[in-house]
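One letter stands for each residue in the lines below.
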Amino acid sequence: MIDSKMADALNDQINAELYSSYLYLAMAADLSSKNFNGFAQWMRVQAQEELIHAMKLYDYLIQRGGAVLLAQVDAPATSWDNVLSAFEDAYEHEKYVTGRINSLVDLAEELRDHATRSFLQWFVDEQVEEEATADEVVGKLRMVSDSGNGMLMMDRDLGAREPLLVASDDAD
Ligand code: FEO
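Residues numbered from 1 in each chain as written. Predicted model: local features only at pLDDT ≥ 70, side-chain atom pairs only at ≥ 80, totals over all residues. Heavy atoms only, no water.

A.B. asks: Got a sec to walk through the overall build of the protein? Specific residues and values, please.
C.D. replies: Scanning the protein from N- to C-terminus turns up five helices and zero strands. Going residue by residue from the N terminus, the α and β elements of the protein occur as α-α-α-α-α. Seen along its three principal axes, the alpha-carbon backbone of the protein occupies a region of about 55 × 35 × 25 Å. A sequence separation of at least 24 residues applies to 82% of the contacts in the protein between residues at least 6 apart. The averaged location of the 32 negative side-chain charges in the protein is 3 Å from the averaged location of its 13 positive side-chain charges. (Helix = DSSP H or I, 4+ residues; strand = E, 2+ residues; numbered from the N terminus. Contact = heavy atoms within 4.5 Å. Lys, Arg positive; Asp, Glu negative; His and termini not counted. Charge placed at Lys NZ, Arg CZ, Asp CG, Glu CD.)

Shown next as structure tokens:
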């Protein structure tokens, strides 16, 4: 049975991942409203990925005999000045999440909870990828944000990101 301190911290992380999903969905909606449907698609898929992160924690907690306690999810911002500022916020958010994952690892080590420490390694590795991806998009946007053509090309490229989850109507 998982230590209650560790279970509380994992429940907080479920909330943080659900908030991440909400944040990226808000960015997707704002980008769609500005006709950047490719950037919006990328954010929609990112929102799905965050939901999967939350579910990994959810399943692990249940597997270890912990109770999943879902708390209120804060409302994210609803609009950004431009595409670059949305992706800059996404990058900052990922750095914040990395800090949270590192704190969870510290707690697992302090509690000598080797199973949770091992489980969390997936998130440690995932955060390296999450930060690198967001940082790369920010870097490219800084290069092209003054060029209409460049922005349209990036919008098209990022719009190629495949969905991870499909609505049941689209599944067959
Ligand atoms: Fe679940 Fe983007 O970190």
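A.B. asks: Describe the packing of aromatic side chains, listing the residues and the values that go with them.
C.D. replies: Aromatic ring pairs are reported here in terms of the distance separating the ring centres and the angle at which the planes meet. Applying the stated criterion across every chain yields a total of six aromatic pairs. Their ring planes at 80° and their centres at 5.0 Å tell us that Trp 122 and Phe 123 sit as a pair that is edge-to-face. Residue classification places Phe 123 among the buried residues on the basis of a relative accessible area of 1%. Members of the aromatic cluster, each reached through a chain of ring pairs, are Phe 36, Phe 39, Trp 42 and Phe 87. The ring of Trp 122 carries Lys 56 above its face, with NZ or CZ at 4.2 Å from the centroid. In this structure, Arg 161 packs its charged tip against the face of Trp 42, placed 4.5 Å from the ring centre. (Phe/Tyr/Trp six-rings, centres within 6.5 Å; stacked < 30°, edge-to-face > 60°. Buried < 20%, exposed > 50% of the residue type's maximum accessible area, 1.4 Å probe, protein only. Lys NZ or Arg CZ within 6 Å of the ring centre and 35° of its normal.)

A.B. asks: With reference to specific residues and values, describe the packing of helix H2 (residues 37-63) against helix H4 (residues 114-144).
C.D. replies: Two elements in contact, H2 and H4, have axes whose closest approach is 12 Å; the angle formed by their N-to-C orientations is 170°. Relative to H4, H2 is oriented roughly antiparallel. Contact with H2, carried on its side by Phe 39, Trp 42, Gln 46, Glu 49, Glu 50, His 53, Lys 56, Leu 57 and Tyr 60, involves Ala 115, Thr 116, Phe 119, Trp 122, Phe 123, Glu 126, Glu 130, Thr 133 and Leu 141 of H4 and no other residues of that element. Residues of the contact of H2 with H4, tallied by class, amount to nine nonpolar, four polar and five charged. (Axes fitted to C-alpha atoms, helices over the stretch in contact; angles between N-to-C directions. Parallel < 35°, antiparallel > 145°, perpendicular 65-115°, else oblique. Nonpolar A, V, L, I, M, F, W, Y, C, P; charged D, E, K, R; others polar.)

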